[in-house]
Amino acid sequence: QVQLVESGGGLVQAGGSLRLSCAASGSIFSINAMGWYRQTPGKQRELVATITGGGITNYADSVKGRFTISRDNAKNTVYLQMNSLKSEDTEVYYCNAILKPRSFSRPVEYWGQGTQVTVSS
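Residues numbered from 1 in each chain as written. Predicted model: local features only at pLDDT ≥ 70, side-chain atom pairs only at ≥ 80, totals over all residues. Heavy atoms only, no water.

### Things to note about the nonpolar core
Next, step 1: Membership of the largest hydrophobic core comes to 28 residues, with the highest contact counts inside it found for Trp-36, Leu-80, Met-82 and Tyr-93.
Next, step 2: Those elements giving two or more residues to this core turn out to be strand S1 (2-7), strand S3 (18-26), strand S4 (30-39), strand S5 (46-52), strand S7 (67-72), strand S8 (77-82), strand S9 (91-100) and strand S11 (115-120). (Core = buried A, V, L, I, M, F, W, Y, C linked by side-chain atoms within 4.5 Å. Buried < 20%, exposed > 50% of the residue type's maximum accessible area, 1.4 Å probe, protein only. Helix = DSSP H or I, 4+ residues; strand = E, 2+ residues; numbered from the N terminus.)

Encoded structure:
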C-alpha cells in the first residue's frame, strides 16, 4: 500500500511564500514522476507542476516564475516552493505520484489527501 502525505499548507498574505511537501511511503519500487495539482470546489483539478525522476519539470503558465518544484529521490519526497502568492492561488493542493509498487508492476497513479492554501489579499 502506498501513501502520499502532504504538509505545509496554510494561510498567507498576498505576496508571501509557502512551501508544500509530500512524502511517499509504503510499497514503492520506483517513482516515475511526482507533481502538484490544485482544485477549487466545483472546478476541474488542474496541473500546477510536475517533475520526473531525472529532474525534468513542467509548470502551468499561471505559476511560472513564482513556483518551483523540486524532488528528493532518496526520500521519495516532492516539494513546491510558492513565492509571490496571489489570492487566485487559493485552492486545495494535491500531491500526485506515478510509481511502480513492484519491479514487475505497471505504473500506478496515487493522490494525496490535499492541503488547503489560502492567500489573503
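### Concerning the pairing of S9
Next, step 1: Within S9, eight of the 10 residues are buried, leaving the element largely enclosed by the surrounding structure.
Next, step 2: Bridge analysis of S4 against S9 gives nine bridges, and the strand direction is antiparallel. Paired with Tyr-37 across the two strands is Tyr-94, which belongs to S9.
Next, step 3: Across three bridges, S9 lies against S11 in antiparallel orientation. By the bridge assignment for S11, Tyr-93 is matched with Thr-115.
Next, step 4: Pairing geometry for S9 and strand S10 (residues 108-111), over four bridges, is antiparallel. Of the residues in S10, the one forming a bridge with Asn-96 is Trp-111. (Pairing = 2+ DSSP bridges.)

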